[in-house]
Amino acid sequence: MSSPPPVSLGKPSLRHRLVSYYSLIAPDAIADKDKWKKNFEIIYNKYGGSVEGETKLAAKLAKKYGNRVRLLVAPPHRSMQRQLQKDRSNGNM
């Protein structure tokens, strides 16, 4: 078994995190591999690639399935983290 991709805003990472989530919460959602591939593309196009999008997805899943297990949201990219830290130190936040 290969190791999971690092947690990031990338497509493989979100796919792995969603499969892990659904395997615990709603295994039927990923049972049909072809249907899951199509559904994942829709999910990624709508919510993937940004912290804000993943946060919205996590909230939507929590509302639908409850808070017992939450989708892990990727942290901001390092460059974004540095900018946020810089803004905070300059009193811009």
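Read on for an overview of the structure.

Here is what the cut-offs are and how they apply
- Residues numbered from 1 in each chain as written.
- Predicted model: local features only at pLDDT ≥ 70, side-chain atom pairs only at ≥ 80, totals over all residues.
- Heavy atoms only, no water.
- Core = buried A, V, L, I, M, F, W, Y, C linked by side-chain atoms within 4.5 Å.
- Buried < 20%, exposed > 50% of the residue type's maximum accessible area, 1.4 Å probe, protein only.
- Helix = DSSP H or I, 4+ residues; strand = E, 2+ residues; numbered from the N terminus.
- Contact = heavy atoms within 4.5 Å.
- Salt bridge = Lys/Arg side-chain N within 4 Å of Asp/Glu carboxyl O.

## Focus on the nonpolar core
Burial of nonpolar side chains together is a common tendency in soluble globular proteins.
Consideration 1: Ranked by size, the top nonpolar core spans 15 residues in total, and within it Leu18, Tyr22, Leu57 and Leu71 carry the most contacts.
Consideration 2: Counting only elements with at least two residues in this core, the list comes to α1 (11-25), α3 (33-47) and α4 (51-65).
Consideration 3: No other element matches α3, which puts five residues into this core.
Consideration 4: What leucine 18 contacts, discounting residues up to four positions off in sequence, is Trp36, Phe40, Ile43, Leu57, Leu61 and Leu71.

## Brief notes about the environment of tyrosine 22
Consideration 1: Relative to the helices and strands, tyrosine 22 resides in helix α1.
Consideration 2: The spatial distance from the C-alpha of tyrosine 22 to the C-alpha of tyrosine 65 is 10.0 Å, given a sequence separation of 43 residues.
Consideration 3: If near-sequence neighbours (up to four positions away) are discounted, tyrosine 22 is found in contact with Pro27, Ala29, Ile30, Trp36, Ile43, Leu61 and Tyr65.

## Digging into the pattern of salt bridges
Consideration 1: All chains considered together, the criterion is met by two salt bridges.
Consideration 2: Here glutamate 41 ties to lysine 11 by a salt bridge, and the two come within 2.9 Å at their closest N and O atoms. Separated by 30 residues along the polypeptide, glutamate 41 in helix α3 and lysine 11 in helix α1 bring together distant segments of the chain.
Consideration 3: On the basis of relative accessible area, glutamate 41 is assigned to the partly exposed category, the value being 31%.
Consideration 4: Assessed through its relative accessible area of 27%, lysine 11 is described here as partly exposed.
Consideration 5: With a shortest N-O distance of 2.8 Å, arginine 17 and glutamate 54 are connected by a salt bridge. Taken together, the residues span a long stretch of sequence, with arginine 17 in helix α1 and glutamate 54 in helix α4 at a distance of 37 residues. The burial state of arginine 17 is the same as that of glutamate 54; both residues are buried.

Structural measurements only, silent on function.
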